[in-house]
Amino acid sequence: IKETKQFVVHIISNWYVDVANHSCGNFLYEDDEFKLSGATPVRSEKVKPFRVEEAAVQMECELEALHEIKDETGMVKATMVIGRVVLFHVHEAVLDKESTTVVPDKLQPIS
């Protein structure tokens, strides 16, 4: 994210939670998380990072800010990423066709 200033956020659904959990590891920059997790990469339309085909909701984002979160000693413990969504992808299988809204029971969101 720091290098490209772009990223993709996915809503994790029940049907691919195992794949998603595996991608949460502490990987090296050069590691291919798609290969290691078994997720299927799909080219994004507006950003360089790939999307995960298994995700019914995918948000292509551009970085707005990084905010370091420090402990009482000043040591960085986490970094909050703030982005702007430039393109949403929503699979029709999770949409209500009349209202064009996402149906939570179809999406089965985990996180």
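Anyway, here's the lowdown on the structure attached to this text. (Residues numbered from 1 in each chain as written. Predicted model: local features only at pLDDT ≥ 70, side-chain atom pairs only at ≥ 80, totals over all residues. Heavy atoms only, no water.)

### Observations concerning the side chain of His89
Mapped onto the elements of the fold, His89 is located in strand β5 (residues 76–90). A relative accessible area of 13% places His89 in the buried class. At 2.6 Å, the side chain of His89 and the side chain of Glu60 are in polar contact. With residues up to four places along the chain from it excluded, the contact list for His89 reads Glu45, Arg51, Ala56, Val57, Gln58 and Glu60. (Helix = DSSP H or I, 4+ residues; strand = E, 2+ residues; numbered from the N terminus. Buried < 20%, exposed > 50% of the residue type's maximum accessible area, 1.4 Å probe, protein only. Polar contact = N/O pair within 3.5 Å; in protein donor to acceptor, adjacent residues only side chain to side chain. Contact = heavy atoms within 4.5 Å.)

### Looking at a negative patch on the surface
Side chains of Glu30, Asp31, Asp32 and Glu33 sit close together on the surface and give a patch of like negative charge. Mapped onto the fold, Glu33 is located in helix α2 (residues 33–37). (Patch = residues over 30% accessible without salt bridge, like charges linked within 9 Å, V, L, I, M, F, W, Y side chains within 5 Å. Areas by Shrake-Rupley, 256 points an atom, 1.4 Å probe, with all protein chains shown as cover. Salt bridge = Lys/Arg side-chain N within 4 Å of Asp/Glu carboxyl O. Lys, Arg positive; Asp, Glu negative; His and termini not counted. Charge placed at Lys NZ, Arg CZ, Asp CG, Glu CD.)

### A look at the pattern of salt bridges
As enumerated under the stated definition, the model contains four salt bridges in all. Its salt-bridge partner being Glu60, residue Arg51 comes within 3.7 Å of it at the nearest N-O pair. For Glu62, the salt bridge is made with Arg84, and the minimal N-O distance between the two is 3.2 Å. Of this pair, Glu62 sits in strand β4 (residues 57–70) while Arg84 sits in strand β5, and the two are 22 residues apart along the sequence. A residue is classified by how much of its surface remains accessible, and Arg84, at 41% relative accessible area, is partly exposed. Members of the salt-bridge network, linked through shared partners, are Glu62, Glu64 and Arg84.

Fair warning: the whole summary comes from geometry, so function is off the table for now.
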